[in-house]
Amino acid sequence: RPDLFEAPDYYNLDDLLSEEHLLVRDAARQWVKRDISPIIEEYAQKAEFPTQIIKGLAEIGAFGPYIPEEYGGAGLDQISYGLIMQEIERGDSGVRSTASVQSSLVMYPIFAYGTEEQRKKYLPKLATGELMGCFGLTEPDHGSNPGGMVTNFKDKGDHFLLNGAKLWISNSPFADIAIVWAKNEEGRIHGLIVERGMEGFSTPETHNKWSLRASATGELIFDNVKVPKQNLLPGKSGLGAPLGCLDSARYGIAWGAIGAAMDCYDTALRYAKERVQFGKPIAATQLQQKKLAEMITEITKAQLLAFRLGQLKNEGKATTAQISMAKRNNVDMAIKIAREARQVLGGMGITGEYPIMRHMMNLESVITYEGTHDIHLLITGADITGHQAFK
Ligand code: TGC
Ligand code: FAD
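All residue numbers refer to position in the chain's written sequence, counted from 1. Numbering of ligands from 1 and lettering of chains from A proceed in the order in which they are written. Where totals are concerned, whole chains, interfaces and linings use all residues; where local detail is concerned, this predicted model gives features only for residues with pLDDT of at least 70, and gives and counts side-chain atom pairs only at 80 or more. With hydrogens and water set aside, each side-chain value is computed from the structure's full complement of heavy atoms.

Engineer: Any chance you could explain the overall build of the protein here in plain terms?
Structural biologist: In terms of helices and strands, the protein carries ten helices and ten strands. For a compact globule the rule gives 2.2 Å times the number of residues to the power 0.38, and the radius of gyration it is set against comes from C-alpha atoms. Taking 391 residues into account, the globule formula puts the C-alpha radius of gyration at 21 Å, and the protein, at 21 Å, falls close to it. A principal-axis box enclosing the C-alpha atoms of the protein has dimensions of 80 × 45 × 40 Å. Here's how the labels work: a residue is buried when its accessible area is under 20% of the maximum for its type, exposed when over 50%, partly exposed in between, all with a 1.4 Å probe on protein chains only. Burial analysis of the protein (391 residues in total) assigns 55% to the buried set. Put simply, 75% of the contacts in the protein that link residues at least 6 apart link residues at least 24 apart. In this tally Asp and Glu are treated as negative and Lys and Arg as positive; neither His nor the chain ends contributes. To locate a charge, take atom NZ for lysine, CZ for arginine, CG for aspartate or CD for glutamate. Computing the positive centroid from 42 side-chain charges and the negative centroid from 48, the protein places the two 4 Å apart. A run of H or I in DSSP becomes a helix once it reaches four residues, and a run of E becomes a strand once it reaches two; helices and strands are each numbered from the N terminus. By the convention used here, residues are in contact when the closest approach between their heavy atoms is within 4.5 Å.

Engineer: Please explain the packing of helix α4 (residues 93-113) against helix α9 (residues 356-366) as it appears in this structure.
Structural biologist: Between two packed helices, the angle of one axis relative to the other and the distance separating the axes together describe the packing. Helix axes are fitted only over the stretch in contact, all axes being lines through C-alpha atoms; the angle between N-to-C directions runs from 0 to 180 degrees. Here α4 crosses α9 at 35°, and the two axes come no closer than 9 Å. Here S93, G94 and R96 of α4 lie close against α9, whose contacting residues are N362, L363 and V366. Residues were grouped as follows: Ala, Val, Leu, Ile, Met, Phe, Trp, Tyr, Cys and Pro as nonpolar; Asp, Glu, Lys and Arg as charged; and all remaining residues, including Gly, as polar. Looking at the contact of α4 with α9 residue by residue, the class counts come to two nonpolar, three polar and one charged.

Engineer: Looking at this model, I keep getting lost on the pattern of salt bridges. Mind explaining?
Structural biologist: When the charged atoms of two side chains lie near each other, side chains of opposite charge can form a pair. The salt bridge criterion pairs a side-chain nitrogen of Lys or Arg with a carboxyl oxygen of Asp or Glu, the two atoms within 4 Å. Under the defined criterion, the tally for this structure stands at 21 salt bridges. The partner of E89 in a salt bridge is R96, and the shortest N-O contact between them spans 2.5 Å. Put simply, D14, R25 and D26 are held in one network by salt bridges that share partners.

Engineer: Got a minute to help me understand the site of ligand 1 in this structure?
Structural biologist: Whether a residue is near a molecule or strand depends on its heavy atoms: it is near if one of them lies within 4 Å of it. Near ligand 1 there are 28 residues, and of these S170, R250, T320, E370 and G371 occur at the shortest range. Contact between ligand 1 and D247: a nitrogen atom at 3.1 Å from a side-chain N or O atom of the residue. Within 3.5 Å is the distance limit for a polar contact, defined as a pair of N or O atoms, with the added protein rule that one can donate a hydrogen and the other accept it, and that residues adjacent in sequence qualify only through two side-chain atoms. For ligand 1, an oxygen atom lies 2.8 Å from a polar atom in the backbone of E370. If ligand 1 stood free it would expose 1200 Å²; the protein chains cover 71% of that surface. Elements with a contribution of two residues or more to the shell around ligand 1: α4, α6 (240-274) and α10 (373-385). The dominant element in the shell around ligand 1, judged by the number of residues it contributes, is α6, at six residues. When its residues are assigned to classes, the shell around ligand 1 shows twelve nonpolar, eleven polar and five charged. Surface accessibility in these figures is a Shrake-Rupley result with a 1.4 Å probe; residues are shielded only by whichever protein chains are displayed.

Engineer: Any chance you could explain the state of the cysteines here in plain terms?
Structural biologist: Where two cysteines share a covalent bond between their sulfur atoms, that bond is called a disulfide. Cysteine sulfurs are considered disulfide-paired once they come within 2.5 Å of each other. What the rule picks out here adds up to zero disulfides. Cysteine C245 shares no disulfide, and the gap to the nearest cysteine sulfur, in C134, comes to 13 Å.

Engineer: Could you clarify how one ought to interpret a nonpolar patch on the surface in this entry?
Structural biologist: Judged by side-chain polarity, Y10, Y11 and L304 come together as a nonpolar surface patch covering roughly 380 Å² of accessible area. Within the element layout of this structure, Y11 appears in the segment before α1 (19-45). For patch detection, residues must exceed 30% relative accessible area and be free of salt bridges, and they are connected within 9 Å for like charges or within 5 Å for nonpolar side chains (Val, Leu, Ile, Met, Phe, Trp, Tyr).

Engineer: What is the right way to read unusual backbone geometry from this model?
Structural biologist: A negative phi angle characterises most non-glycine residues, just as the trans form characterises most peptide bonds. One non-glycine residue with positive phi stands out, namely W168, at about 65°. Among the structural elements, W168 can be located in strand β3 (residues 159-170). Owing to a relative accessible area of 54%, W168 belongs among the exposed residues under this scheme. The residue F278 is not glycine, and still its phi comes out positive at about 55°. Mapped onto the elements of the fold, F278 is located in the loop between β9 (276-277) and β10 (280-281).

Engineer: What exactly am I supposed to notice about the side chain of Q288 here?
Structural biologist: Examined against the element boundaries, Q288 turns out to sit in helix α7 (residues 286-314). Given the relative accessible area of 15%, Q288 is considered buried.

Below, the structure is given as structure tokens:
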């Protein structure tokens, strides 16, 4: 089945892409077809992250696509970054999560808020996958409201002493480093680079997930961890520092969700053309055509939204609220398409023979992480009315 995939391009978006965009996109597409699609169902079923794909992710530029080449990144523009995320998530949202976290939540804060020494020490190794990272913002009692975090560090002269816990952290069970957001004695949020092996630092895995099963999720526990002072990210503090990273990751998700939707649509369309009931293909019935017609329409709208957002990002003009809208809209679009596409396949839709049910379950995490659907509605609401309804 993987080699049958065709990407819908109803409004000839490819005509707006540069030669470099197409090259980057097609390389990622071929890699997903060869190295992800054939194995991902098995890894999702056994709830295991396929660590052997790390090298391939690095080779297609998925680790730091827009980080400058001098630090080991691919030096690409934001549309190429989006296209890579789209292709990876066509394979699996959990694999795209690994790339999002490494690029936008680990490499980006080191690049944007780190010292030159930190950039040189970590970025090239993160770009090749020699080092893997994770991002600790969410806590057991502070998810949508990260500003209330209680994880904290105290200045002990020659080091910081870190205490607290983070929950729901993608890649934590195998990450070599963690970007951890914690409050200092004045209650100001700062980013710290915590390394595996530091005494008092542990990363227990979260089991029994029905969603994002091919991605490893876990906790970060800090029990009097001594963090060297040179591991503080000095360039930015306050809640705006982690939120700035989320802007970049949410942008990638807006593109990634299109990939998952494309795979569901493509699978449903093929199935509908081949499946015969009452003497004719189900694709020839009005009800199934309505589903398929609505799917391609929504995918096309999402593609245009992501593309324009990519242009704005390239120009440095994309606002947090614009990015939030695209993340919310495109993930919601994808989850609705997954639910409809699953029904087109009837009973076959619930099996691992087809990717739809896996995408559908994965998207339940994607619609929750990086800001829930509700929180993104409230971000748009605050932006257009001037009234913050969170608090
Ligand atoms: P608020 O008062 O709005 O803002 C606090 C300060 O931050 C500034 N700011 C930003 N700065 C830079 N970039 C942005 N995008 C910014 N947004 C806000 C703001 O100007 C303010 O600065 P200052 O100087 O005045 O202090 O903050 P709030 O506490 O009211 O919260 C706003 C809210 C609810 C929107 C925010 O907290 C939020 O987005 N909550 C959702 C939490 C979330 O998205 N968590 C994600 C965790 S990471 C994750 O899920 C990874 S999954 C990865 C994967 O597997 O792919
Ligand atoms: P809550 O904040 O408790 O929300 C519960 C419900 O209440 C939601 O429906 C929400 O929309 C609603 N709600 C909350 N506040 C309001 C309000 N003011 N008004 C109206 N409704 C409201 N975090 C990280 O830091 N790093 C990671 O790598 C990471 N990876 C993740 C991977 C997975 C698989 C999952 C599921 C989560 C991950 N997260 C990560 C955490 C994720 O960002 C949070 O789950 C998310 O921000 C929501 O927080 P919460 O789960 O505590 O829900």
